[in-house]
Amino acid sequence: MGRWRNGLLALAVALAPAWGGAAAAKTPADQLVIGASLAQVLSLDPGQATESGSWIITSNIYDRLVSTDPNDATKLVPQLAESWDVDGKSITFHLRDAKFASGNPVTAEDAAWSLRRMMKLNQAAASLWKPYGYDETNIDGFLQVVDPKTFRLGLPEGTIAEFVLFALSGNNGAVIDKTEATKHEANNDYGNAWLRANSAGSGPFVLRRWSPNEIILMDRNDAFWGGAPAMKRVVVRHVAESQVQRLLLERGDIDVATALASSDITAFEGKAGFVTQRVPTGGFYVLAMNTQNQYLANPDVRRAIAWGLDYAGMQKTIMGPYGRVRQVPVPENYPTALPDPGYTLDVAKAKELLAKAGFPDGFPLVLKTIAETPRVDLATAIQASLAQIGIKVSIEQGNGSQIIAAHRAREFDLLMPLTGGGNMADPIGSLQNFTYNPDNSPNGNSGYFTWRSAWDIPELTKLTVQARGEPDQAKREALYTEIQKTFLASGPAILPMFERFSPVVVSANVENFVGQGFRGVRLDTVTKKAD
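Residues numbered from 1 in each chain as written. Predicted model: local features only at pLDDT ≥ 70, side-chain atom pairs only at ≥ 80, totals over all residues. Heavy atoms only, no water.

- An unreviewed UniProt entry lists the protein chain under the name ABC transporter substrate-binding protein, with Inquilinus limosus as the source organism.
- In the Subcellular location (unreviewed entry) part of its UniProt record, the protein chain is described as follows: "Periplasm". (UniProt positions renumbered as here; feature names shortened; annotations may be inferred.)

**Regarding unusual backbone geometry**
And then number 1: Here the bond from Thr373 into Pro374 is cis, since omega is -5°, no more than 30 degrees from zero.
And then number 2: Tracing the sequence through the fold places Pro374 in the loop between β16 (363–370) and α13 (375–387).
And then number 3: We note that Asn512 has phi near 70°; this positive angle belongs to a residue other than glycine.
And then number 4: One can find Asn512 in the loop between β21 (510–511) and β22 (527–528). (Helix = DSSP H or I, 4+ residues; strand = E, 2+ residues; numbered from the N terminus.)

**Considerations on the side chain of Ser262**
And then number 1: Position of Ser262 among the secondary structure elements: in helix α9 (residues 262–268).
And then number 2: Setting aside anything within four residues of it in sequence, one finds Ser262 in contact with Ile318, Met319, Gly320, Pro321 and Tyr322. (Contact = heavy atoms within 4.5 Å.)

**Digging into the environment of Val325**
And then number 1: For Val325, the location among the structural elements is in strand β15 (residues 323–325).
And then number 2: Take Val325: its relative accessible area is 24%, and that puts it in the partly exposed class.
And then number 3: In this structure, the C-alpha to C-alpha distance between Val325 and Ile215, residues 110 residues apart in sequence, is 33 Å.
And then number 4: Not counting residues up to four positions away in its chain, the partners in contact with Val325 are Tyr311, Gln315, Asp340, Met497 and Phe498. (Buried < 20%, exposed > 50% of the residue type's maximum accessible area, 1.4 Å probe, protein only.)

**Concerning the domain arrangement of the protein chain**
And then number 1: Under the domain assignment, the protein chain is made up of domain 1 (31–239 + 508–528) and domain 2 (282–502).
And then number 2: Between the C-alpha centres of domain 1 and domain 2 there is a distance of 29 Å.
And then number 3: With 24 residues of domain 1 in contact, the opposing surface of domain 2 contributes 29 residues.
And then number 4: Approximately 2100 Å² of surface area, both sides summed, lies buried where domain 1 meets domain 2, with 56% of it carried by carbon and sulfur atoms.
And then number 5: Inspection of the domain 1/domain 2 interface yields 4 residue pairs in polar contact (both at pLDDT 80 or more).
And then number 6: Elements represented by at least two residues in the side of domain 1 that touches domain 2 include exactly β4 (72–78), α4 (124–127) and α5 (161–168). (Domains from an automatic or database assignment. Buried area = accessible area lost by both parts, 1.4 Å probe. Polar contact = N/O pair within 3.5 Å; in protein donor to acceptor, adjacent residues only side chain to side chain.)

**A word on the sheet that holds strand β7 (residues 143–147)**
Strand pairs in the sheet, formed through backbone hydrogen bonds, run parallel or antiparallel to each other.
And then number 1: As summarised here, the arrangement of the 4 strands in space is β5-β6-β8-β7, forming an open sheet in which the pairing is antiparallel. Edge positions in the sheet fall to β5 (81–86) and β7, since each of these pairs with one other strand and no more. Put simply, the sheet's adjacent strands are angled 20° from each other on average, direction ignored.
And then number 2: The pairing of strand β6 (residues 90–95) with strand β8 (residues 150–154) spans 5 bridges and is classified as antiparallel. (Pairing = 2+ DSSP bridges. Axes fitted to C-alpha atoms, helices over the stretch in contact; angles between N-to-C directions.)

**Comments concerning the nonpolar core**
And then number 1: Leu65, Phe93, Trp129, Tyr134, Phe151, Leu153 and Leu168 are the most contacted members of the largest nonpolar core, which has 58 residues in total.
And then number 2: It is α5 that provides the largest number of residues to this core, a total of 7 residues.
And then number 3: Of the domains in this structure, domain 1 (31–239 + 508–528) and domain 2 (282–502) are the two that each give at least three residues to this core.
And then number 4: In contact with Phe93, not counting residues within four places along its chain, are Leu65, Val66, Ala81, Ser83, Trp84, Lys149, Thr150, Phe151, Leu153, Leu165 and Leu168.
And then number 5: Counting residues in hydrophobic clusters, the runner-up holds 53 residues, among them Ile305, Phe363, Leu365 and Ile382. (Core = buried A, V, L, I, M, F, W, Y, C linked by side-chain atoms within 4.5 Å.)

Here is the structure:
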């Protein structure tokens, strides 16, 4: 491993522009260059893509009807909709005058069609909407084009308008150029095959090139309704090795580093010329356990695993700015968040639970993980911890498409996905990732992490549905508390380990780069300081 890393470092040095003395290389004044791991970028179709790696792209090539304030994730702000009205049964959006990058006007028909195609495609993005009462069979009845600039979205009975607005602010709420996308339809796919690697949006940038696990290029959209961005081009480079990314940032060959290991981020703290941001995401690093596995089907085995992990050790040596220990599926500073149950590495207690489950001698499991920071190191630490209680873990690393496909197909024993915060700074946004599984059958919805772990939870699902539809805030918060208690008592198959943060290091000459946890960073206001 050391020889491989040294080889990468040597290659980075060789490829980086030459510089002498104390002077550093600089990226062009009108270009923003971002170092990232693109392992999770599987599609750039907002009706399909749900992986966080794609968000910085889709949030800049597309607009949504509404967004959230970059400095306050609890506040909704206009985007394509200049304003909206809520009457209890529907939300009526009044669209601004805007054009897609193609030159076509943005209309209410585009907004309606974009939501319709997402639900009709019925992929992972649609699963984020189904909890609010929408599905591929009923979506048409909730969409109304009043006139070219007025779009009305009906609310299913018992659905809270604010939750729907926050769902619209996510990247799957993107408004797509219907005219452009339908030119590329094939086999009734709503243009999906083409939109996976092309753009048809009205955002501040236009996709020019995507080479998987290599590079993404976005060019300025001079017709952007908000005014042409200062950056003529945005380059996102796949630099999965943290030491290489650190070197490139120090040399000035990239402006932003988004995939640094904890130790490399620490090296930039307080360092002149760089700013470190630690962005809360509302999500978690979790350990998913597949209950189709004969051992993991037993709640006491799952409890044994919860007591068999060295959370404090992983926090100290691996997570650092990426997360903090959190064993309840609600971020620590949210209203109604319960205290952690206090899981620590307790070998004796874990072995006692394994014996109670009928497996005193332990058993083997396979842990699958995407090969990126910090998940690989977490996997190794989990392997070492569980070995102490008799569970022999082997690790399988893969790229994003391999591991995510295995997760969606229920083809794993243990796996480490990242949960999102449901596009809203509200407990339900994070809870429903862990407590909602309306159909656990083999043909259920693979968008739910609970389904992917084959975890059948009718009581938790019922409580989650109640909470989502409860208009009285005090009663809703009481339900949030009950859901958390029921979850903790169940021996959960989706174990939250760390509340997730997204650390980035930005060159100090870059201005207005504001990290976002619930959706990708908008780059239209980014500028660079003059020399």
